[in-house]
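Inside the fold
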Amino acid sequence: MHALPSFAQTFTAWCNSHLRKAGTQIENIEEDFRDGLKLMLLLEVISGERLAKPERGKMRVHKISNVNKALDFIASKGVKLVSIGAEEIVDGNVKMTLGMIWTIILRFAIQDISVEETSAKEGLLLWCQRKTAPYKNVNIQNFHISWKDGLGFCALIHRHRPELIDYGKLRKDDPLTNLNTAFDVAEKYLDIPKMLDAEDIVGTARPDEKAIMTYVSSFYHAFSGAQKAETAANRICKVLAVNQENEQLMEDYEKLASDLLEWIRRTIPWLENRAPENTMHAMQQKLEDFRDYRRLHKPPKVQEKCQLEINFNTLQTKLRLSNRPAFMPSEGRMVSDINNAWGCLEQAEKGYEEWLLNEIRRLERLDHLAEKFRQKASIHEAWTDGKEAMLRQKDYETATLSEIKALLKKHEAFESDLAAHQDRVEQIAAIAQELNELDYYDSPSVNARCQKICDQWDNLGALTQKRREALERTEKLLETIDQLYLEYAKRAAPFNNWMEGAMEDLQDTFIVHTIEEIQGLTTAHEQFKATLPDADKERLAILGIHNEVSKIVQTYHVNMAGTNPYTTITPQEINGKWDHVRQLVPRRDRALTEEHARQQHNERLRKQFGAQANVIGPWIQTKMEEIGRISIEMHGTLEDQLSHLRQYEKSIVNYKPKIDQLEGDHQLIQEALIFDNKHTNYTMEHIRVGWEQLLTTIARTINEVENQILTRDAKGISQEQMNEFRASFNHFDRDHSGTLGPEEFKACLISLGYDIGNDPQKKTGMMDTDDFRACLISMGYNMRVPAATVRRLTGRGGSSLQGEAEFARIMSIVDPNRLGVVTFQAFIDFMSRETADTDTADQVMASFKILAGDKNYITKDELRRELPPDQAEYCIARMAPYAGPDAVPGALDYMSFSTALYGESDL
């Protein structure tokens, strides 16, 4: 004979607790169910139903038939019997028999247990935890070792029948006494048979879970009559939980709003700071900091702002659904305040970006002008070097006649050269003036250098005039002049000046922003190169004059000093400068070619950005329009609309990489210093604003539909009613704004059969002015009708004071902020409130009265015994002392507390 599992004794006792009601019992659970008769009887007793007539024969087939009838009955109750067959039961298979009994226990003793929306095992465990929570040394976490010390069983009995056990005398270190006490009391006074053995429980490291659950379920059913008080406690817990959750949501809103406003307050002064920088590098760093703000710092705040609006709408919806007063944020933290602050932030952001780009353009222009100034000044200073000393010479005093004439001609050539340099001096002064007007940071040094050049130029002019006067006085004494030297000097000077100008132009820096500008420079350069052959002919002619002078000197043995007395320009200088010009030409070619390639690259960037922006911009607008249509159309259920919106949200989120790609292209454009784009009317700012509005709109629309579902489910509104409400609302929403004005709202209520004010005149066949106006609106009339005409048509003057008062009351409900419009959510809340049944202050008051044992007050001990600890302390902290004539010390007033929960008094 093999040993039975430890829980077989428990199962046997449980079966006998029911079979004894039919006047029988079993001795051996392995054998007594084999013929199926007592098994069918057990099922009839515990279910209260009649099974098919059993077979009374003794043959195996009769036993199998009876067992099959029992198993079929179990299966008809929704129980799946896995691997349990009639043959195994008839053959006395212990494992199958015990499995079948455990299935019956689960179905008929445990499955129907439900505590706070849990069921079966979890519900039974939660019930045990709730009932034993006030008892020290009891911590029920499972159905095995938590029960070994016996205090759990004693606590269950004492909680419901405190007179049966003196719980204070029990000791945790004496589990045998505790277990036997509980088993004996349960058998004697609660009609619960002894299903467990105390020695087995204490001697086993882990008692059998099935045995404990079976025995504990008997306590649950024995005490099920105490469910009335528990139901009342559950109602109070539910109400208090809603109140606590709403308070937490309010605190979260206040903190999030405060943090967001503080961030905006800190950010706006940074964006409004217009302190300029002196260098391009510093301004580009500011631009990079601004890009980091746009990419990294602002997007999370956009999400916080959107989440703040969603939390606010959800909180107001929950408050309306639970009959609580509307939530009014602290001063300055309304959604409208946040939107206004956000608008100021975006305005400052736009101005800051425009200022940055203008400053970069200004600094770029300044750098170019400063470099041009330095180059021209250097050339001019190099030219003037030694000129003052030359003009101060008095060499004419000891010169021969030919030398004097040569000095005079040389001076004339110098005056020609001086006049040619007048334009360069004027250009230097003009550039310095422009640098001053553009507020160049190094203007003092520029002005000092420019002033020095101008003073030197004036001095050169004075010295030149003085020397001419001296030479002209001497000229009367001198008559001979070497025409060839003079001709050489006159032609060499302008040619030298032309070469210096050419070298200056070829080395001049340039800045362009379009292909057309670089093409213009290239054309000018080609025209310059076309003049080089003629210039070369002039060079050869000048050199020919010098060669002719040399030939005359050699032919006639003229005693010359060896240099041209009329000019310092030598053939070597002309040839050297000419070679330099020829070397600068290909450099200029390369520079223009490189700039042309850069401008082509910039044009590709413009086209690339324009192509994407021209697709993304209309896509965002189309999505905004489609979302607007979905929010007002009635295609399918609210869940269908929500699913459709979530699909839109997913498609929008999936579109984000294209926005990021466009941001990357925009960054490349800014890094390339491209400031305009003829290929698109969209700027990155337009795209960003549209994208942020699209994300906010889809999130807000989803939230509105979720709140409508929440309202519909909480208020028990059918889909047909929701469709009727939406159809009426859309009909009167003429401008498709998603809101109704007071007149449109009133007409909508009338179209739905709502009697505003219960005015007696409604039954006289007459309408007052307001009702007639609403009726006309409901039929589609344009209500620009004079009041006198309305009075004439209605046959009445004025309006019903009672109807006006009632409509004003309704408007205060649906438009608590007095914005002058009614949203669809507020409209649904009002219509559902007319028929839906929700918890009221009277119901909560009645529940407290049950817990208080029909007294007008309740004590702290009663609250702590019947409610969870946190909610019991919540009530104790907020309940006022009871002051009635029947008050006792520590009595609390639950009536004023109940009214305060629903805003009917102060909490």
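Residues numbered from 1 in each chain as written. Predicted model: local features only at pLDDT ≥ 70, side-chain atom pairs only at ≥ 80, totals over all residues. Heavy atoms only, no water.

- Looking up the protein in an unreviewed UniProt entry gives the name Alpha-actinin-1, with the organism given as Galemys pyrenaicus.

**What about the overall build of the protein?**
- A count of helices and strands for the protein gives 34 helices and six strands.
- Taking all 907 residues of the protein together, the buried fraction comes to 44%.
- At a minimum sequence separation of 6, the contacts of the protein that also span at least 24 residues come to 75%.
- Carbon and sulfur atoms make up 51% of the accessible area of the protein, which amounts to about 46300 Å² in all. (Helix = DSSP H or I, 4+ residues; strand = E, 2+ residues; numbered from the N terminus. Buried < 20%, exposed > 50% of the residue type's maximum accessible area, 1.4 Å probe, protein only. Contact = heavy atoms within 4.5 Å. Areas by Shrake-Rupley, 256 points an atom, 1.4 Å probe, with all protein chains shown as cover.)

**Re the UniProt feature "coiled-coil region" (unreviewed entry) in the protein**
- The UniProt record annotates "coiled-coil region" (unreviewed entry) at residues 239-266 and 404-438.
- Split by type, residues 239-266 is 100% helix and 0% strand. Its first and last C-alpha atoms lie 41 Å apart.
- Secondary structure content for residues 404-438 is 94% helix and 0% strand, while the C-alpha to C-alpha distance between its ends is 50 Å. (UniProt positions renumbered as here; feature names shortened; annotations may be inferred.)

**Focus on helix H31 (residues 841-851)**
- If you check which residues of H31 are buried, you get Ala841, Val844, Met845, Ser847, Phe848 and Leu851. The arc that holds every buried residue of H31, seen down its axis, measures 160°, which confines them to one face.
- Looking at the residues trailing H31, positive phi occurs at Gly853, about 70°. (Arc of directions from axis to C-beta.)

**Quick notes on the environment of Ser218**
- Within the secondary structure, Ser218 is located in helix H10 (residues 209-222).
- The contact partners of Ser218, leaving out residues within four places of it in the chain, are Trp14, Ile192 and Met195.
- A polar contact is formed between the side chain of Ser218 and the backbone oxygen of Thr214, at a distance of 3.4 Å. (Polar contact = N/O pair within 3.5 Å; in protein donor to acceptor, adjacent residues only side chain to side chain.)

**A few points about the nonpolar core**
- One finds Ile104, Phe153 and Phe219 to be the most contacted residues of the largest nonpolar core, which totals 76 residues.
- A per-element tally of this core places helix H5 (residues 94-110) first, with 11 residues.
- Aside from chain neighbours lying at most four places away, what touches Phe153 is Trp147, Leu179, Ala182, Phe183, Leu196, Ile212, Tyr215, Val216 and Phe219. (Core = buried A, V, L, I, M, F, W, Y, C linked by side-chain atoms within 4.5 Å.)

**Quick notes on the confidence of the model for the protein**
- Confidence in the prediction of the protein, expressed as mean pLDDT, is 80, and 88% of residues score 70 or more.
- Below pLDDT 50 for its whole length, residues 758-767 participates in 20 contacts with residues either more than four positions away or in separate chains.
- Within the model, the stretch residues 778-799 combines pLDDT values under 50 with 34 contacts to residues more than four positions away or in other chains. (pLDDT = per-residue confidence, 0-100.)

**What about H10?**
- If you check H10, its first and last C-alpha atoms are 20 Å apart, about what 14 residues at 1.5 Å a residue would give, namely 20 Å.
- By the burial criterion, the buried members of H10 are Ala211, Ile212, Met213, Thr214, Tyr215, Val216, Ser217, Ser218, Phe219 and Tyr220.
- Measuring from the backbone nitrogen of Lys210 back to the side-chain oxygen at the start of H10 gives 3.0 Å, which picks out Asp208 as the cap. (Expected span 1.5 Å × (residues − 1).)

**Let's talk about the packing of aromatic side chains**
- In the structure shown here, the tally under the stated rule is 27 aromatic pairs.
- Centre to centre, the rings of Phe183 and Tyr215 are 5.3 Å apart; their planes meet at 90°, and the pair counts as edge-to-face. Here Phe183, found in helix H8 (residues 175-189), pairs with Tyr215, found in helix H10; they are 32 residues apart in sequence, far enough to count as distant.
- Judged by its relative accessible area of 0%, Tyr215 is buried.
- Ring plane angle 50° and centroid distance 6.3 Å describe the contact between Phe312 and Phe327, whose orientation is recorded as tilted. Residue Phe312 is located in helix H12 (residues 280-321), and its partner Phe327 is located in the loop between H12 and helix H13 (335-384); the two are separated by 15 residues in the primary sequence.
- Overall, Phe312 belongs to the buried group, its relative accessible area being 11%.
- The structure contains a cluster of three or more aromatic residues connected by ring pairs, namely Phe143, Trp147, Phe153, Phe183, Tyr215, Phe219 and Phe223. (Phe/Tyr/Trp six-rings, centres within 6.5 Å; stacked < 30°, edge-to-face > 60°.)

**A few points about the environment of Leu43**
- In this fold, Leu43 is placed in helix H2 (residues 37-47).
- Each C-alpha atom of the pair Leu43 and Leu19 lies 9.3 Å from the other, and the pair is 24 residues apart in sequence.
- Ignoring anything within four residues of it in the chain, the contact list for Leu43 reads Gly48, Leu51, Ala70, Phe73, Ile74, Ile104 and Phe108.

**Re the packing of H31 against helix H34 (residues 894-901)**
- Between H31 and H34, whose axes approach to 8 Å, the crossing angle comes to 150°. Here H34 runs roughly antiparallel to H31, going by the angle between their axes. In this structure, H31 meets H34 at a crossing whose hand is right-handed. Here Ala841, Val844, Met845, Phe848 and Lys849 of H31 come into contact with H34, specifically with Tyr894, Met895, Phe897, Ser898, Thr899 and Leu901. (Axes fitted to C-alpha atoms, helices over the stretch in contact; angles between N-to-C directions. Parallel < 35°, antiparallel > 145°, perpendicular 65-115°, else oblique. Left-handed = near helix turned anticlockwise from the far one by under 90°.)

**Points about the side chain of Asn66**
- Position of Asn66 among the secondary structure elements: in helix H3 (residues 60-76).
- Setting aside chain neighbours within four positions, we find Asn66 in contact with Asp35, Gly36, Leu37, Met40, Pro54 and Glu55.

**Some remarks on the environment of Ala591**
- Along the chain, the position of Ala591 falls in helix H21 (residues 571-632).
- Here Ala591 falls in the partly exposed class, since its relative accessible area comes to 26%.
- Here the alpha-carbon distance between Ala591 and Thr509, two residues 82 residues apart in the chain, equals 9.6 Å.

**Details of the side chain of Ser898**
- Relative to the helices and strands, Ser898 resides in helix H34.
- Judged by its relative accessible area of 0%, Ser898 is buried.
- A distance of 2.8 Å separates the side chain of Ser898 from the backbone oxygen of Tyr894, its partner in a polar contact.
- In this view, Ser898 contacts Ala841, Val844, Met845 and Phe848; residues no more than four positions away in its chain are not counted.

**A closer look at unusual backbone geometry**
- Here the phi dihedral of Asn137 falls at roughly 65°; this positive angle occurs in a residue that is not glycine.
- On the secondary structure map, Asn137 appears in the loop between helix H6 (120-132) and helix H7 (151-160).
- Judged by its relative accessible area of 46%, Asn137 falls in the partly exposed class.
- A positive phi is found at Asp854, a non-glycine position, where the angle reads about 65°.

**Notes on the pattern of salt bridges**
- Applying the stated rule across the entire model yields 51 salt bridges.
- With a closest N to O distance of 2.9 Å, Arg864 and Glu873 form a salt bridge.
- Among the residues examined, Arg864 registers a relative accessible area of 41% and is labelled partly exposed.
- Residue classification places Glu873 among the partly exposed residues on the basis of a relative accessible area of 36%.
- Salt bridges sharing partners connect three or more residues here, namely Arg294, Lys298, Glu346, Glu349, Glu663, Glu685, Arg688 and Glu692. (Salt bridge = Lys/Arg side-chain N within 4 Å of Asp/Glu carboxyl O.)

**Notes on the packing of H13 against helix H16 (residues 422-437)**
- Contact geometry of H13 with H16 gives a least axis separation of 10 Å together with a crossing angle of 150°. Of the possible angle classes, the one that applies to H13 and H16 is roughly antiparallel. The interaxial crossing formed by H13 with H16 has left-handed handedness. Between H13 and H16, the contacting residues are Arg365, Leu366, Leu369, Ala370, Lys372, Phe373, Lys376, Ala377, Ile379 and His380 on the first element and Arg424, Val425, Gln427, Ile428, Ile431, Ala432, Glu434 and Leu435 on the second.
- Tallied by class, the residues present in the contact of H13 with H16 amount to 11 nonpolar, two polar and five charged. (Nonpolar A, V, L, I, M, F, W, Y, C, P; charged D, E, K, R; others polar.)

**Looking at the state of the cysteines**
- This structure, assessed with the given rule, holds zero disulfides.
- Distance from the sulfur of Cys454, which forms no disulfide, to the nearest cysteine sulfur (Cys450) is 4.1 Å. (Disulfide = S-S within 2.5 Å.)

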